[in-house]
Amino acid sequence: MPNISDLDTQDDQLYEHYAFRVVKGQQSVRVDKYLMNFIENVTRSKIQNAVKDGFVFVNGKSVKASYKVKPNDYVTVKFEHPTHEQLLVAEDIPIDIVYEDDDVLVVNKPAGMVVHPGHGNYSGTLINGLIYHFENLPNNSSNRPGLVHRIDKDTTGLLVVAKTELAMTHLSNQFAKKTSEREYIALVWGNVEEDEGTIEGNIGRHPKNRLQNTVYEGEDAYKGKPAVTHYKVIERFGYVTLVSCRLETGRTHQIRVHMKHIGHTLFNDERYGGEKILKGTTFTKYKQFISNCFKILPRQALHAKSLGFEHPNTGKFLRFTTEIPEDIQSCIEKWRSYAKHQDN
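Basis of the calculations
- Residues numbered from 1 in each chain as written.
- Predicted model: local features only at pLDDT ≥ 70, side-chain atom pairs only at ≥ 80, totals over all residues.
- Heavy atoms only, no water.
- Helix = DSSP H or I, 4+ residues; strand = E, 2+ residues; numbered from the N terminus.
- Rg over C-alpha atoms; globule rule 2.2 N^0.38 Å.
- Buried < 20%, exposed > 50% of the residue type's maximum accessible area, 1.4 Å probe, protein only.
- Contact = heavy atoms within 4.5 Å.
- Areas by Shrake-Rupley, 256 points an atom, 1.4 Å probe, with all protein chains shown as cover.
- Lys, Arg positive; Asp, Glu negative; His and termini not counted.
- Charge placed at Lys NZ, Arg CZ, Asp CG, Glu CD.
- Salt bridge = Lys/Arg side-chain N within 4 Å of Asp/Glu carboxyl O.
- Core = buried A, V, L, I, M, F, W, Y, C linked by side-chain atoms within 4.5 Å.
- Expected span 1.5 Å × (residues − 1).
- Disulfide = S-S within 2.5 Å.
- Arc of directions from axis to C-beta.

Asker: Explanation requested: the overall build of the protein chain in the structure shown.
Answerer: Of regular secondary structure, the protein chain possesses eight helices and 15 strands. In terms of overall size, the protein chain behaves like a compact globule, its C-alpha atoms giving a radius of gyration of 22 Å where 344 residues would be expected to give roughly 20 Å. In terms of overall dimensions, the protein chain has a C-alpha envelope of 65 × 55 × 40 Å along the principal axes. By residue count, 47% of the 344 residues in the protein chain fall in the buried class. Counted over contacts in the protein chain with a minimum sequence separation of 6, partners at least 24 positions apart contribute 69%. Entry remark: accessible area of the protein chain is about 17600 Å², with carbon and sulfur atoms responsible for 46%. Between the mean site of the 44 positive side-chain charges and the mean site of the 43 negative ones, the protein chain shows a separation of 8 Å.

In structure tokens:
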């Protein structure tokens with residue numbers, strides 16, 4: 001088994017590197033299971049292969065998969081992966097273009113499409129499609145062509161893409177200064193009592209599950225970044241509620257984290273526990289109804305419906321909107337019918 005220092009002489013471009021400090025209170029679990037909770041889009045077999053090849057280290061020494069992590073352990077892992085140049089491969093992927101001119105592009109992203117290449121998703125992303133259809137897109141600060149902002153893999157809806165350096169700078173400043181407009185439609189568990197409200201809470205990485213984010217408040221607020229979400233109830237169905245969410249900031253998973261924080265996890269949001277029956281009855285028929293809803297909508301019920309920004313060249317404020325996708329709409333209709341039946 002090699003020491004971690006032995007790998008420093010190898011070509012680092014062949015590897016992706018991850019490092020984690022095990023927090024206090026972490027339960028004693030196998031290192032392979034621990035890493036499954038902390039690395040996005042990775043299979044258990046890939047982790048086990050990394051362990052087998054001697055590329056998983058605890059406190060600088062390679063370990064077996066059976067090693068159980070302890071608080072304050074320093075866990076590192078290296079995965080072989082394609083070189084950076086291979087990550088950005090142009091692919092003929094259909095893109096739903098809502099608007100286009102010489103400066104900007106507005107696209108409607110489908111569910112299941114990752115926005116940019118990363119671990120476990122080296123192809124089939126929006127950027128792979130963008131660089132096929134459009135030449136010389138400007139890079140953002142993370143060297144991602146055209147990308148001004150992003151939405152999650154299983155979230156649908158609108159994104160603006162910059163086609164020029166001027167547009168990239170101008171649009172990025174708007175998002176940073178909170179002058180852009182973004183409205184999402186979400187179906188959440190529970191009856192949201194207030195007709196409208198504002199959620200404020202700093203968002204940062206969850207201490208025990210790095211695939212999740214969480215809200216930090218009080219003395220722990222420094223662990224997260226400021227985040228503000230404004231919500232408004234659209235329709236109530238008893239055990240779930242349809243809401244509109246307007247983002248004042250754009251943190252990762254912001255709506256998903258904020259709505260869970262106030263007790264209203266997104267419907268079928270597996271990462272945050274929404275794939276469980278969080279509200280309702282214990283009747284078998286109800287459980288079957290929920291199961292049918294999950295089959296219709298096999299993802300979190302979240303859609304980026306509206307987008308507004310100042311055009312970087314003309315200065316005109318543009319607003320775009322999209323229809324709620326069929327899977328979410330079908331789920332809403334089932335809940336609407338269910339709620340009417342309950343009222344009768």
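Asker: What's the story with the pattern of salt bridges in this structure? I'm lost.
Answerer: Side chains that carry opposite charge are capable of pairing whenever their charged atoms lie near each other. Overall, the coordinates contain 13 salt bridges when judged by the stated rule. Asp 195 is the salt-bridge partner of Arg 236, the closest N and O atoms lying 2.6 Å from each other. One end of the pair, Arg 236, is in strand S12 (residues 228-236); the other, Asp 195, is in the loop between strand S8 (181-189) and strand S9 (196-200), and 41 residues separate them in sequence. Each of Asp 152, Arg 256 and Asp 269 takes part in a single network of salt bridges with overlapping partners.

Asker: What is the right way to read the nonpolar core from this model?
Answerer: Among soluble globular proteins, nonpolar side chains are generally buried collectively. Counting residues in each nonpolar core, the largest one holds 30 residues, and the members touching the most others are Leu 126, Leu 130, Tyr 184, Val 243, Ile 255 and Met 259. Val 22, Val 29, Val 63 and Val 77 belong to the second largest nonpolar core, which has 21 residues in total.

Asker: Help me understand helix H5 (residues 165-176) in this model?
Answerer: Residues spaced three or four apart along an α-helix face the same direction, because each turn holds 3.6 residues. In this model, H5 (12 residues) spans 16 Å end to end at C-alpha, consistent with the 16 Å of a helix rising 1.5 Å per residue. Where the residues of H5 are buried, they touch strand S6 (104-109), strand S7 (156-162), S8 and strand S14 (302-310). At the exit of H5 stands Lys 178, carrying a positive phi of roughly 65°.

Asker: Would you explain the state of the cysteines in this entry?
Answerer: Covalent bonding between the sulfur atoms of two cysteines defines a disulfide. Taken as a whole and assessed by the stated rule, the structure comprises zero disulfides. Here Cys 245 is not cross-linked by a disulfide; its sulfur's nearest cysteine counterpart is in Cys 331, at 16 Å. Among the residues examined, Cys 245 registers a relative accessible area of 0% and is labelled buried. No disulfide involves Cys 331; its nearest neighbouring cysteine sulfur is the one of Cys 293, lying 4.3 Å away. We classify Cys 331 as buried; its relative accessible area is 0%.

Asker: What should I look at first to understand helix H7 (residues 284-296) in this one?
Answerer: In this model, H7 (13 residues) spans 19 Å end to end at C-alpha, consistent with the 18 Å of a helix rising 1.5 Å per residue. Among the residues of H7, those classed as buried are Tyr 286, Phe 289, Ile 290, Cys 293 and Phe 294. Buried residues of H7 fall within an arc of 140° about the axis and therefore sit on the same side. Facing away from the buried surface of H7 by more than 90 degrees, the exposed residues are Thr 284, Lys 285 and Lys 295.

Asker: Help me understand the environment of Val 233 in this model?
Answerer: Relative to the helices and strands, Val 233 is located in strand S12. Given a relative accessible area of 15%, Val 233 falls into the buried group. Between the C-alpha atoms of Val 233 and Ile 296, which are 63 residues apart in sequence, the distance is 23 Å. Apart from the residues lying within four places of it in its own chain, the contact partners of Val 233 are Val 192, Glu 194, Asp 195, Thr 241, Leu 242 and Val 243.

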